[in-house]
Structure formats: structure tokens, C-alpha cells
Amino acid sequence: MSKVLFFIDDDEDFLYVLSRVANKLDFISEIQTAKHGKAALDTLLSLREAGKRLPDTMFVDLNMPVMDGFEFLERFKKLRETYNEFKKIVPIIMLTSSREDSDKKTALDMGIVENYVIKPAGIKNLENMLRDLVQ
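Everything numeric here is computed off the predicted structure, so don't read it as measured data.

## Remarks on helix α3 (residues 69-82)
Taking 1.5 Å per residue, 14 residues should reach 20 Å; α3 reaches 20 Å between its end C-alpha atoms and fits that length. Considered for burial, the residues of α3 that qualify are Gly69, Phe70, Phe72, Leu73, Phe76, Leu79 and Arg80. Contacts made by the buried residues of α3 are with β1 (3-8), α2 (37-50), β3 (57-60), β4 (92-96) and α4 (101-109).

## Topic: the packing of helix α1 (residues 12-23) against helix α5 (residues 123-134)
Where α1 contacts α5, the axes come no closer than 10 Å and their chain directions differ by 65°. With respect to their mutual orientation, α1 and α5 come out roughly perpendicular. Where α1 crosses over α5, the two elements pack in a sense that is right-handed. In contact with Phe14, Val17, Leu18 and Val21 of α1, α5 contributes Ile123, Leu126, Glu127 and Leu130.

## Some remarks on the nonpolar core
Inside soluble globular proteins, nonpolar side chains tend to come together where they are buried. Met58, Phe72, Leu73, Phe76 and Met94 are the most contacted members of the largest nonpolar core, which has 27 residues in total. The set of elements that each furnish at least two residues to this core consists of β1, α2, β3, α3 and β4. Here this core gets 5 residues from one element, more than from any other, and that element is α3. With sequence-adjacent residues up to four places away left out, methionine 58 is seen in contact with Phe6, Ile8, Leu44, Phe72, Phe76, Ile89, Pro91, Ile92 and Ile93. Membership of the second largest hydrophobic core comes to 19 residues, among which are Phe7, Leu18, Val21 and Leu95.

Parameters at a glance
Residues take numbers from 1 onward in each chain, read along the sequence in its written order. The predicted origin of the model limits local features to residues at a pLDDT of at least 70 and limits the giving and counting of side-chain atom pairs to 80 or more, whereas totals for whole chains, interfaces and linings rest on all residues. In computing side-chain properties, one takes all heavy atoms of the structure into account and sets aside hydrogens as well as water. Here a helix means four or more residues in a row that DSSP labels H or I, a strand means two or more in a row labelled E, and each is numbered from the N terminus. Here the expected length of a helix is defined as 1.5 Å per residue gap, with one fewer gap than residues. Here's how the labels work: a residue is buried when its accessible area is under 20% of the maximum for its type, exposed when over 50%, partly exposed in between, all with a 1.4 Å probe on protein chains only. The contact criterion used throughout is that any non-hydrogen atoms of two residues lie within 4.5 Å. Angles here are taken between N-to-C directions and fall from 0 to 180 degrees, while the axes themselves are lines fitted to C-alpha atoms, restricted in helices to the stretch in contact. In these notes the angle categories are as follows: under 35 degrees is roughly parallel, over 145 is roughly antiparallel, 65 to 115 is roughly perpendicular, and the rest is oblique. Note: crossing handedness is left-handed where the near helix turns anticlockwise from the far helix by less than a right angle, and right-handed where it turns clockwise. Only buried Ala, Val, Leu, Ile, Met, Phe, Trp, Tyr and Cys residues count toward a nonpolar core, and they belong to the same one when joined by side-chain atoms within 4.5 Å.

The structure is reproduced here in C-alpha cells:
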């Protein structure tokens, strides 16, 4: 079954390259995006209310305006307690440029982040990352 991926990231260039790569991969049917955590929460709630398909996998950036990745994840954890449908969104992957060990530890200690991945450089590396993490 094809996967729906949700990327929460404010880097438009990265999202553009990502969408180009994802369109070539047969196991991805749709890419959803949000530029910050608040927009992501709004999108998820709208999808749920409309009875539309929720993403299978979420990739969350750490440093974003309005609501960063950590705050988004804390709020998303609370949504999961309210709406069981959100528990089906797995894995949740922190995809960031931050190489700080403290950021990695904080993300993984949250209890819902399955993997902490440094944004790959280059199209081939991005494609390989998606194959490894999603397929």
C-alpha cells in the first residue's frame, strides 16, 4: 500500500527537492506539508474532521517559526490521547539539521519519536533515506 507522508518543515527549498524525489518513488502516494507545528496540528485536525486519510509517517523539523518541533510533538501527544486515529501515525521521525546530542536526546525521550535523522545532503541520499525509513 502506498504511503502518505507528512513533512513539517519551514525550509521551502528542502520541501521542493523532497517532493521531486518522493514523486519518483512508487511506495509514496502523497506528500503533505506544513511550515510549522501549529499549521501541522490544524491540518491533522482538519483531515480527521473531514474523514480524510491521515498520514502514515510524519517527519518533524526541530527549528521552525510559530511552533517548533518539540512543542508540536508535546501537543500531538495530547491529541493522541484524545483521538485514537492519531496513534496510527507511525513512525514519527525528527528530521532536522541539528546535530546537537541534547536535541536528539530530548526528541527520543519524548516517547513518540522513533528516529532522529540529520537532513541528508543530495538527492540520492534523500531518496535512500526515504526508502530506508518508510518502505
